[in-house]
Amino acid sequence: MTKPDQPPPPIARAIAMFTLIVAGEAVFFLPFVLPRVFRPTLLEVFQLTNLELGIAFSLYGVVAMIAYFPGGPLADLFSARKLMAVALLATAAGGLLLASIPSLGGLKLLYGFWGATTILLFWAPLIRATRAWGGAMLPGRAFGFLDGGRGLVAAAIGSGAVALFALLMPEDVQTASAAQRTHAFQQVVYLFTGITLAAAALVWFALPRQGEPSDPIELKRPLGAVRRVLKMPTVWLQAIVVVSAYVGYKGLDNISLYAHEVLEFDEVQAAQVGTLSMWMRPVAAVAAGLLADRFGVARLTILSLLGFGIGSGMLAVGAFPPGMSMFFFATMVSTSACVFALRGLYFAMMEEGRVPFGDTGCAVGIVSVIGFTPDVFMGPWMGILLDRWPGELGHQYFFASLAVAATIGLIASIAFSRIVRGLI
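Computed from a predicted structure; not experimentally measured. (Residues numbered from 1 in each chain as written. Predicted model: local features only at pLDDT ≥ 70, side-chain atom pairs only at ≥ 80, totals over all residues. Heavy atoms only, no water.)

(A) Seen up close, the pattern of salt bridges. Within the structure shown, the criterion is met by 7 salt bridges. Linking E44 and R181 is a salt bridge whose minimum nitrogen-to-oxygen distance equals 3.5 Å. Highlighted residues: E44 in helix α3 (residues 39-46) and R181 in helix α9 (residues 178-206), separated in sequence by 137 residues. For R131, the salt bridge is made with E351, and the minimal N-O distance between the two is 3.1 Å. You can see R131 sitting in helix α7 (residues 123-134) and its partner E351 sitting in helix α16 (residues 349-352), a full 220 residues away along the chain. On the accessibility criterion, R131 (5% relative accessible area) is buried. Linked through salt bridges whose partners overlap, the residues forming this network are E25, D147, R150, R281 and R343. (Salt bridge = Lys/Arg side-chain N within 4 Å of Asp/Glu carboxyl O. Helix = DSSP H or I, 4+ residues; strand = E, 2+ residues; numbered from the N terminus. Buried < 20%, exposed > 50% of the residue type's maximum accessible area, 1.4 Å probe, protein only.)

Put into structure tokens, the structure is as follows:
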């Protein structure tokens, strides 16, 4: 999506944003939404420990780290429509393999494959197209709509998947046999795979057809863009903020397991807790984006990191035994809201950081290589803590690490704010 001189008609803008929202979440349904909502079931069906699943996530992260950098320049050179459609098709193909319940080795290979399909051809084109949609005047709104809309899609589909799962399980979930649990899980995988395929078709037909640069001079531009972007301190600070926020986002994967192991919720109830957390995403991201366009992206980022840190600290120091559900829900909801607000803000920081639009893909690649490193270490880190210290203590240690990450991000966001205001 090129940055137009004249804005397209409102209906065209609405269709483009709707497409970006649906595609932007559908590509991550299989690798991430599924284990977030159904983590206890996934562990049982595949007979995995938390560490083994964490290693699969880590392999995704390693491949993603390699893919982010070349994916950025590709987004500046080629059509978002083509890149994103191919990425969605390939990701859906992986869903068919997941439904076959592969071995641990096969699951690891699958996550490595998804690391390439969701990042190399998809991530930077999505961010560049969203920045083009918002322009210089509405960066917060563009990214707030994107992540809030993605959250709405994830929560709606996640809720539907939980309903399907509950329908396929016996009334007393605890009495479900291994075969019943596996069958129900497979149907959820097929649901997510079908939605991913539908998103590929939507991207192909709904996003505008764009030309691809053929001038050899244009193909050399990424080298200069990389040099320019690397010299910008705001880009490095933005990357630190993304790391901190993404640690929080990955940390939400622990919510359903915490409810299951500590609060003694059954598998369906635990999945419902994970889904409730997801429902905070559309509200928080859209609200943060709208407020950011009025009060400043940097200022809203600081407030969100502060809330994320406080909420994580409360979870770290205060156990929530059975009977304390309301206090847990209040803490979980408020912390989730701050984390999801950050997801609607951290790429909008590019506009305040004065990254040239033509260098957007390169900036996204560089920020993402650093910012999404939690894809590499958060899965194993969670697995180590929860397997070494089973029960409440492991979860408390984990939430304490989230509070530390929030503090680091808060310091970086304050420094970013001072730079863009010319104070340092």
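(B) Main features of the environment of S277. For S277, the location among the structural elements is in helix α13 (residues 267-295). Relative accessible area serves as the criterion here: at 3%, S277 is assigned to the buried category. Measuring from C-alpha to C-alpha, the distance between S277 and L402 comes to 16 Å, with 125 residues separating the pair along the chain. Not counting chain neighbours up to four residues away, the residues in contact with S277 comprise L252, M332, S336 and F340. (Contact = heavy atoms within 4.5 Å.)

(C) Local environment of the domain arrangement of the protein chain. As far as domains go, the protein chain holds domain 1 (9-210) and domain 2 (220-423). A straight line from the C-alpha centre of domain 1 to that of domain 2 covers 19 Å. Counting from both sides, the interface comprises 58 residues of domain 1 and, opposite them, 55 residues of domain 2. Roughly 5100 Å² is buried in total at the junction of domain 1 and domain 2, and carbon and sulfur atoms are behind 64% of that figure. (Domains from an automatic or database assignment. Buried area = accessible area lost by both parts, 1.4 Å probe.)

(D) Representation of the nonpolar core in the model. Core analysis: the largest hydrophobic core is formed by 142 residues, its most contacted members being W123 and F347. The leading source of residues in this core is helix α11 (residues 233-251), at 10 residues. When residues of this core are assigned to domains, at least three fall in each of domain 1 (9-210) and domain 2 (220-423). Beyond its immediate sequence surroundings of up to four residues, W123 is in contact with F28, Y68, T118, R150, F347, V364, S368 and F372. (Core = buried A, V, L, I, M, F, W, Y, C linked by side-chain atoms within 4.5 Å.)

(E) Region of interest: a nonpolar patch on the surface. Side chains of L51, I55, L59 and I384 sit close together on the surface and give an oily, nonpolar patch of about 270 Å² of accessible area. The leading source of residues in the nonpolar patch is helix α4 (residues 50-77), at 3 residues. Within the secondary structure, I55 sits in helix α4. (Patch = residues over 30% accessible without salt bridge, like charges linked within 9 Å, V, L, I, M, F, W, Y side chains within 5 Å. Areas by Shrake-Rupley, 256 points an atom, 1.4 Å probe, with all protein chains shown as cover.)

(F) Looking closely at the packing of helix α1 (residues 10-26) against α7. At a minimum axis separation of 11 Å, α1 and α7 run at an interaxial angle of 155°. Relative to α7, the element α1 lies roughly antiparallel. As for how α1 packs across α7, the hand of that crossing is left-handed. Across the interface between the two elements, R13, A16, M17, L20 and G24 from α1 touch L126, A129, T130 and W133 from α7. (Axes fitted to C-alpha atoms, helices over the stretch in contact; angles between N-to-C directions. Parallel < 35°, antiparallel > 145°, perpendicular 65-115°, else oblique. Left-handed = near helix turned anticlockwise from the far one by under 90°.)

(G) Broad picture of unusual backbone geometry. Even without being a glycine, Q47 presents a positive backbone phi close to 55°. Position of Q47 among the secondary structure elements: in the loop between α3 and α4. In this model, I101 sits at a positive phi of 55°, which is unusual for a non-glycine residue. Of note, I101 is situated in the loop between α5 (80-99) and α6 (104-119).

(H) Quick look at the packing of aromatic side chains. Under the counting rule described, the total for this entry stands at 22 aromatic pairs. Taking the centre distance of 6.1 Å and the plane angle of 85° together, the rings of F46 and F185 count as edge-to-face. Within this pair, whereas F46 is found in helix α3, its partner F185 is found in helix α9, the two being separated by 139 residues in sequence. A residue is classified by how much of its surface remains accessible, and F46, at 9% relative accessible area, is buried. When the ring centre of F57 is taken as reference, the NZ or CZ atom of K250 above it lies at 5.2 Å. The lysine or arginine in question, R343, covers the ring of Y249, its NZ or CZ lying 3.9 Å from the ring centre. (Phe/Tyr/Trp six-rings, centres within 6.5 Å; stacked < 30°, edge-to-face > 60°. Lys NZ or Arg CZ within 6 Å of the ring centre and 35° of its normal.)

(I) Looking closely at the side chain of R181. With relative accessibility at 9%, the residue R181 sits in the buried group. At a separation of 3.5 Å, a polar atom in the side chain of R181 contacts the side chain of E44. Not counting residues within four places of it along the chain, the set of residues in contact with R181 comprises T41, E44, V45, F165, M169, V173, A176 and E267. (Polar contact = N/O pair within 3.5 Å; in protein donor to acceptor, adjacent residues only side chain to side chain.)

(J) Inspection of the packing of helix α14 (residues 297-317) against helix α19 (residues 392-420) at higher detail. Following both chains from N to C, one finds α14 and α19 inclined at 160°, their axes separated by 8 Å at the closest point. By the angle class used here, α14 and α19 are roughly antiparallel. As for the relative orientation of α14 and α19, their crossing is left-handed in sense. Contacts from A298, T301, I302, L305, L306, F308, G309, S312, G313, L315, A316 and V317 of α14 reach α19 at Q396, F399, A400, L402, A403, A406, G409, L410, S413, I414, F416 and S417. Classifying every residue of the contact of α14 with α19 gives 16 nonpolar, 8 polar and no charged. (Nonpolar A, V, L, I, M, F, W, Y, C, P; charged D, E, K, R; others polar.)

(K) Spotlight on the environment of L98. Inspection of the secondary structure puts L98 in helix α5. Note on L98: relative accessible area 2%, which makes it buried. C-alpha separation for the pair L98 and T193, spaced 95 residues apart in sequence, amounts to 9.7 Å. Setting aside residues up to four positions removed in sequence, L98 forms contacts with L30, L34, F46, L107, L110, W114 and V189.

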